[in-house]
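Tertiary structure, described
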Amino acid sequence: MLAKHCAVLKSLYTLLSIMAHVAGQEDREKTTALKDLLSRIDLDELMKKDEPPLTFPATLEEFEYAFNQKGQLRHIKTGEAFVFNAKEDLHRWNQKRYEALGEILTQYVYELLEKECSLTKAIVPVDAVDEEASSFIFHSADALTNPARLLVLIQGSGVVRAGQWARRLIINQDLDSGTQIPFITRAMQEGYGVLVLNPNENHLEVERPGSTTPPPAATPEPADEPAEKRERKDEKEGKKKREFYEKYRNPQRERETEQTPIRVGGGGDFFFFMKQREGQVKRRVCAVALTDSAHNIWLQDSSKSMQDWMQERCRNWVSSPLPLDAPVDAMLPDCPRFSAGTERHELTSWTSFDSIFRFFGEQLQAQEEEEEQEEKEVEEESSNIVTTRSSSLKNRHQDL
């Protein structure tokens, strides 16, 4: 009886193996047929078939958007906030539209810096000759003459330019949270000179002529080509088509540009600058406020004295679920870290606004008290020298 059951099970196993082999063969044939079909589809034409032309308005008014009294970007007809997906299933077109609006807003913020903040635009390098690549910064009238206070503003990396913290906030929230204008206004009210750097404007980008990437051409197939060789070739061409498709999904990779470096850029990394001129920074910089900074003192090879100075003079407000100003464990022995009261990186500068100016005020007061104490000690030393000299002269006169 047991032998009979074993024979039945063996037959059943053989049947299942045959069925699996047949099913596997059918799947391979279907996969090969699908690859063959995909290889004949021109993804370039498929992506562009229903896509509108990539031409967008040149001004905010032509975009039909404007900032209301609260500094919020709204559609002038509907009053609605900006909608990224203006056209469904056309991510590339929507992204290009968003970037075009962002470039307009960059110029809009530049105008606000000059008109509302009364800052002056200065070309750098200052001795640039004709046709030389150049950038610019903004400064208040007393930026180079204010004897007591100077606020230097440096934004993070990316597409943002002078006067901006985050393009996303300018578009989706308001000007106060997304620009440096509130910092500039308050600083000038408190007697600071102001210098707005432009560290992301260190190269002049020019599009290469004829830089548009052509779609990958299909390789002609010999009629008697072996199946394995053809399959490898299909896989290679499929990869080329997928890479080309990714360029349309990511517009930043689509254009090829040439970069001409600017001899003296619009700013730079503070810690690199401090490493180069540590003595000057320690002597002339009173306080440094960072917001969700991604610096690394190990990579920047900072000295022990630099780390000690940063512990005393620097603060880093980081994205965190903790309440505003709550201490956050430091990962590196440099800047003490505090919560910015938000988990959104782009909001950290705005949410820590009051805390930053309070920190500056405390550091300035401490420095003023320290300078007064030093002056007092110098006066006492001078007085002792004069007193000692007078006594010495008197004694010598008596001796005479």
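The preceding data block contains the structure.
First, a word on what this report is: a plain description of the structure on this page. (Residues numbered from 1 in each chain as written. Predicted model: local features only at pLDDT ≥ 70, side-chain atom pairs only at ≥ 80, totals over all residues. Heavy atoms only, no water.)

So, on to the overall build of the protein. Secondary structure summary: the protein contains 12 helices and 12 strands in total. When burial is assessed residue by residue, the protein has 34% of its 400 residues classed as buried. For the protein, contacts bridging at least 24 residues in sequence account for 66% of all contacts bridging at least 6. On the protein, roughly 26000 Å² of surface is accessible, and the fraction owed to carbon and sulfur atoms is 52%. (Helix = DSSP H or I, 4+ residues; strand = E, 2+ residues; numbered from the N terminus. Buried < 20%, exposed > 50% of the residue type's maximum accessible area, 1.4 Å probe, protein only. Contact = heavy atoms within 4.5 Å. Areas by Shrake-Rupley, 256 points an atom, 1.4 Å probe, with all protein chains shown as cover.)

A word on the sheet that holds strand β6 (residues 193-196). One open sheet holds the 4 strands; their spatial order is β3-β4-β6-β5, and the pairing between them is mixed. Whereas interior strands pair on both sides, the edge strands pair on one side only; in this sheet they are β3 (120-124) and β5 (150-153). The sheet shows a mean angle of 25° between the axes of neighbouring strands, taken without regard to direction. (Pairing = 2+ DSSP bridges. Axes fitted to C-alpha atoms, helices over the stretch in contact; angles between N-to-C directions.)

The subject of this paragraph is a negative patch on the surface. Residues E312, E368, E369, E370, E371, E372, E374, E375, E377, E379, E380 and E381 make up a contiguous surface patch of negative charge. The leading source of residues in the negative patch is helix α12 (residues 353-399), at 11 residues. Mapped onto the fold, E370 is located in helix α12. (Patch = residues over 30% accessible without salt bridge, like charges linked within 9 Å, V, L, I, M, F, W, Y side chains within 5 Å. Salt bridge = Lys/Arg side-chain N within 4 Å of Asp/Glu carboxyl O. Lys, Arg positive; Asp, Glu negative; His and termini not counted. Charge placed at Lys NZ, Arg CZ, Asp CG, Glu CD.)

The periodicity of an α-helix, 3.6 residues per turn, causes residues three or four places apart in sequence to face the same way. Buried residues of helix α6 (residues 181-189): I181, P182, F183, I184 and A187, and no others. Just downstream of α6 lies G191, where phi reads positive at about 90°.

Moving on to the sheet that holds strand β12 (residues 337-339). A sheet is described by the order of its strands in space; here 4 strands give the open sequence β9-β10-β12-β11, paired in mixed fashion. Each end of this open sheet is capped by a strand with a single partner; those strands are β9 (288-291) and β11 (327-328). With 2 bridges connecting them, β11 and β12 associate as antiparallel partners. Within the sheet, the bridge partner assigned to V328 lies in β12 and is R337. Taken strand by strand, helix α10 (residues 304-313) contacts β9 and β10 (314-318), and its axis lies near 65° from that of β10.

Relative to the assigned elements, L90 resides in the loop between β2 (73-75) and α3 (91-115). Expressed as a C-alpha distance, the spacing of L90 and P52, which sit 38 residues apart in the sequence, is 9.2 Å.

What follows covers the pattern of salt bridges. Per the counting criterion, the structure on display carries 10 salt bridges. One salt bridge in this structure joins E346 and R168, with 3.5 Å as the shortest N-O distance. Of this pair, E346 sits in the loop between β12 and α11 (348-351) while R168 sits in helix α4 (residues 167-172), placing them 178 residues apart in sequence. Given a relative accessible area of 17%, E346 falls into the buried group. When the shortest N-O distance is used, the salt bridge between R186 and D354 registers 2.7 Å. Note that R186 is positioned in helix α6 and D354 in helix α12, a separation of 168 residues in sequence. Taken together, the shared-partner salt bridges connect R168, R344 and E346 into one network.

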